[in-house]
Amino acid sequence: METITLGGQLFQYLITGITVGSIYAMVAVGFNIIYNVTEIINFAQGEFVMLGGLMMVFCHAGMGLPLIMAFPLTVILVTLVGMLMDRLAIRPIRQPTVLSLIIATIAVSILLKGAAMFIWGKDPFDLPAFSGRNPIMFFGAVIQPQYFWVIGFLILIVIALTFFFDRTILGKAMSACADNPDAASLVGINVKRMIMLAFALSAAIGAVAGIVVTPISLMEYDRGAMLAVKGFGAAVLGGLGSFPGAVMGGLILGAIESLGAGLISSGYKDAFALIVLLVVLFFKPSGIFGDIEISRIKRF
Amino acid sequence: MLKIGKLPIVILAVFIIIFPWIARLIPAIANYTDIMVFAGIYCLITIGLSLLMGYAGQISVGHAAFYGIGAYVSAILTARFGLNPWGCMFVGILVSAGIALLVGAPSLKLRGHYLAMATLAFGIIIYIVFNQETQWTGGPDGMAGIPGLSIFGFDLDSVEKYFYLVWGFVLAAFIFSVNVVQSGAGRALRAIHSSESAASAMGVNVSKFKVMVFVYSAVLASLAGSLYAHYMNFVNPATFDLFFSIKLLIMLALGGMYTLWGAVIGAGIFTFLSYEWLHYFKEFEVFVYGAILLVVVIFLPQGLAGVPGMIKGWLGRPKSNE
């Protein structure tokens, strides 16, 4: 068994990277939904992931519900948190400036972190993998069955969102708010409700990300900030606001992080994604798939 | 709000001089001089950030990095190489200014959320470096054996002497910053805050001023870090994590970042909250901070420094037409 080839090893890093990258992609998609409707970057996006994981632990291990029932319940609970966030922290701000919105979302982020520490304590929690932990050997790489769940849910989310924004009235109304909120309200769209819906949707996606990743990497109260920064990195890499960009950005970022940690230095694992973020911000802030013209007309 | 006369500065100076005497007389607040040393250290950072964020309107969520760079340069050069602490403090300032220039020039082209995230990422990267470069920084365990400070052979070996040193720096930074704000540079910064395109149309070199104020705030943070290292005689990375950058944000939001007074008041109140008044909450203070930050951003957008203006607004609404 000691014949671990370099090729196999690289493949292993790539598979792990794509799995982690799928989580970043989900966070990035969450950023984009809120950004597209409100032009707010929600610094608490990572806390939704953390809450998703820990709430699932509560529903499954705490309340004794089977996974299949705990899953939707968790998503609903975290979605409520997202809606409350909009109602209690974002909407009451009377003079919305970039700075006040950033401060408000950071405030929510540390509030949620503090609440999670209060409820769940500081220890990391585990969840059972959805379909067991018997690894599959594939071209010399060890693949956990849970990896397929993570990637599968990413694909599902992307398909569902594409359908939602392109084919449903509600989704089109949300896109209209993004283009021009004043014009949208003139044609009878309730902009405030659309903003709340955006927070609800991205909280729900964050929750899914947290639920599916917990069996792989455990979950604890202070994971949110790092997930948020890396998710933002993915969103920027793919061009802020673009859904295909978010997915590509997340997968690329995950792969870079995994390869960097494996081949260069595991101690600097978290730094790779951040360096990529800085390089993209410095040299091409519109991202790989982004449109520089679109980023210019945005208010913030 | 913009005009800061001589009288308030004299009052601040007198307050600084008599504070340790008062604290010594009242046993209940005897330890307040120690807390005020930290308040002064934080004040140095918030004064610089007030110019950067309040006056120039640029967002940084990464100044813990410069605070840490100052502290670690001082710590490494004095404890490992036995160099003169004042010289090391100066080296720390040069290093911070250099890094601020390097990071600031491309970052400050970014606006709003992008700038906030860029500074945030920068702060986390530096924090990771502090943790990983164990042979220099001692890693997560930190490093001890940093010597104290002395001036011309006169050891600053008591809390009170150190208090005067730190607050002397604060006073100097405050007076310097007041002069900056009231000079042409201050007007340029405020013009940038209102509208970058308008400012540059009026002939303000926008990027130069933004980078300059960023470097200035980094220099003050670095100085604060060096003072911290020599006071504690010990540094570890946890002091300079992302949460410290957020704490700086809380200080500024609480006091009011649009005035230099707000920066001083915010740092002072926050220090007493975290070192003295929130002990009851222990590690759950993070929850309290979140609540404070949210309440301030919703109800007091100008921070505590804006409260007198708000009260004046309520009382004299019919008369004043500002």
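Draft legend 1. Focus on the overall build of chain B. Helix and strand counts for chain B come out as 14 helices and 4 strands. Over its C-alpha trace chain B gives a radius of gyration of 20 Å, about what one expects of a compact globule, namely 20 Å for 322 residues. Put simply, chain B has 322 residues, and 51% of those count as buried. Within chain B, counting contacts between residues at least 6 apart in sequence, those at least 24 apart form 75% of the total.

Draft legend 2. How the structure looks around unusual backbone geometry. The phi angle at A:E39 is positive, at roughly 60°, despite the residue not being glycine. Structurally, the position occupied by A:E39 is in the loop between α1 (6–38) and α2 (45–62). Residue classification places A:E39 among the partly exposed residues on the basis of 19 C-beta atoms within 10 Å. Despite not being glycine, B:N233 shows a phi value in the positive range, around 60°. Mapped onto the secondary structure, B:N233 falls in the loop between α10 (206–232) and β4 (234–235). Judged by the 15 C-beta atoms lying within 10 Å of it, B:N233 falls in the partly exposed class.

Draft legend 3. Region of interest: the packing of α1(A) against helix α5 (residues 145–167) of chain A. All names here are of chain A. Close contact between α1 and α5 brings their axes to 9 Å; oriented N to C, the two are set at 35°. Classified by chirality, the crossing of α5 by α1 is left-handed. From α1, I15, I18, T19, S22, I23, A25, M26 and V29 reach across to α5, where they touch Y147, V150, I151, L154, I157 and L161.

Draft legend 4. Local environment of the environment of B:L115. Residue and element names in this part refer to chain B. With respect to the helices, strands and loops of the structure, L115 is situated in helix α5 (residues 112–132). The sequence separation of L115 and G104 amounts to 11 residues, and the corresponding C-alpha distance is 9.7 Å. In contact with L115, not counting residues within four places along its chain, are Q58, I59, S107, L108 and L110.

Draft legend 5. Here's a closer look at the interface of chain B and chain A. Contacts between chain B and chain A engage 32 residues on the former and 36 residues on the latter. The set of elements that each furnish at least two residues to the side of chain B that touches chain A consists of α5, α11 (242–255) and α13 (285–299) of chain B. For the side of chain B that touches chain A, the element with the most residues is α5(B), which contributes 13 residues. Tallied by class, the residues present in the side of chain B that touches chain A amount to 27 nonpolar, 4 polar and 1 charged.

Draft legend 6. Quick look at helix α4 (residues 98–120) of chain A. Residue and element names in this part refer to chain A. Helix length check: α4, at 23 residues, gives a terminal C-alpha distance of 32 Å against a target of 33 Å (1.5 Å per residue), a fit within 8%. Of all 23 residues that make up α4, 18 are buried, and the element is covered over most of its length. G121 lies just past α4 and shows a positive phi near 80°.

Draft legend 7. Structural context of the confidence of the model for chain A. Mean pLDDT over chain A works out to 90, with 95% of the residues at or above the 70 mark. The secondary structure element of chain A with the lowest average pLDDT is helix α12 (residues 292–297) of chain A, at 48, and the one with the highest is helix α3 (residues 67–90) of chain A, at 96.

Draft legend 8. Looking closely at the environment of A:L112. All names here are of chain A. By the element assignment, L112 lies in helix α4. With 22 C-beta atoms packed within 10 Å, L112 lands in the buried category. Sequence separation of L112 and G224 is 112 residues, and the distance between their C-alpha atoms is 9.3 Å. Ignoring anything within four residues of it in the chain, the contact list for L112 reads A44, E47 and L51.

Rules used in this analysis
- Residues numbered from 1 in each chain as written.
- Chains lettered and ligands numbered in written order.
- Predicted model: local features only at pLDDT ≥ 70, side-chain atom pairs only at ≥ 80, totals over all residues.
- Helix = DSSP H or I, 4+ residues; strand = E, 2+ residues; numbered from the N terminus.
- Rg over C-alpha atoms; globule rule 2.2 N^0.38 Å.
- Buried ≥ 20, exposed ≤ 12 C-beta atoms within 10 Å, placed from the backbone.
- Contact = placed C-beta atoms within 7 Å.
- Axes fitted to C-alpha atoms, helices over the stretch in contact; angles between N-to-C directions.
- Left-handed = near helix turned anticlockwise from the far one by under 90°.
- Nonpolar A, V, L, I, M, F, W, Y, C, P; charged D, E, K, R; others polar.
- Expected span 1.5 Å × (residues − 1).
- pLDDT = per-residue confidence, 0-100.

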